[in-house]
Amino acid sequence: MDFLAVLQVLDASVRLATPLLLACLAGLFSERAGIFDIGLEGKMLAAAFLAIFFIPLFFVLVRRGVRDGLAALRRRFGRVTRGDSAE
């Protein structure tokens, strides 16, 4: 294997192992706090399925909020221009 292939394998393994590592750390800290939780992988799976629905919803809400906020600024201050204004 050449260096580029090794680098790609390492990159893929870090990207794929990060969520599982974070879940393991959450389990470790919850056990240290005295809470025994064995459903961490199931919670990750449920969160992945729910993200399919909620990410587009949040995108639409944020886009609408930014659009309405800019419209309110334009109504309040008139046309928003860049640079120095001649006063």
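Up top is the structure.
Residues numbered from 1 in each chain as written. Predicted model: local features only at pLDDT ≥ 70, side-chain atom pairs only at ≥ 80, totals over all residues. Heavy atoms only, no water.

A few words now on the overall build of the protein. When its secondary structure is counted, the protein shows two helices and zero strands. Residues counted as buried form 5% of the 87 residues belonging to the protein. Total accessible area on the protein is roughly 8200 Å²; 70% of this is exposed by carbon and sulfur atoms. (Helix = DSSP H or I, 4+ residues; strand = E, 2+ residues; numbered from the N terminus. Buried < 20%, exposed > 50% of the residue type's maximum accessible area, 1.4 Å probe, protein only. Areas by Shrake-Rupley, 256 points an atom, 1.4 Å probe, with all protein chains shown as cover.)

In this structure the tally under the stated criterion is two salt bridges. For Arg15, the salt bridge goes to Asp11, with nearest N and O atoms at 3.4 Å. Here the residue Arg15 and the residue Asp11 both occupy positions in helix α1 (residues 3-32), the gap between them amounting to four residues, near one helical turn. We classify Arg15 as exposed; its relative accessible area is 53%. Using a relative accessible area of 42% as the deciding quantity, one classes Asp11 as partly exposed. (Salt bridge = Lys/Arg side-chain N within 4 Å of Asp/Glu carboxyl O.)

As for its position among the elements, Leu40 is in helix α2 (residues 40-77). The sequence separation of Leu40 and Ala23 amounts to 17 residues, and the corresponding C-alpha distance is 6.3 Å. With residues up to four places along the chain from it excluded, the contact list for Leu40 reads Ala23 and Gly27. (Contact = heavy atoms within 4.5 Å.)

All right, on to α1 then. Given a rise of 1.5 Å per residue, 30 residues ought to cover 44 Å, and the 41 Å separating the end C-alpha atoms of α1 matches this to within 8%. Of all the bends in α1, the greatest, near 40°, is centred on Thr18, and the proline Pro19 appears no more than four residues after it. When α1 is considered as a whole, its buried residues turn out to be Ala23, Gly27 and Ser30. Elements that come into contact with the buried residues of α1 comprise α2. (Expected span 1.5 Å × (residues − 1). Bend = angle between axes of the 7 residues up to and from the residue.)

On the surface, Leu45, Phe49, Leu50, Ile52, Phe53, Phe54, Leu57, Phe58 and Leu61 cluster together into a nonpolar patch covering about 960 Å² of accessible area. Ile52 sits in the exposed class, given a relative accessible area of 53%. (Patch = residues over 30% accessible without salt bridge, like charges linked within 9 Å, V, L, I, M, F, W, Y side chains within 5 Å.)

Right, let's get into α2. Its maximal kink placed at Ala51, α2 deviates by approximately 45°. Gly78 lies just past α2 and shows a positive phi near 80°.

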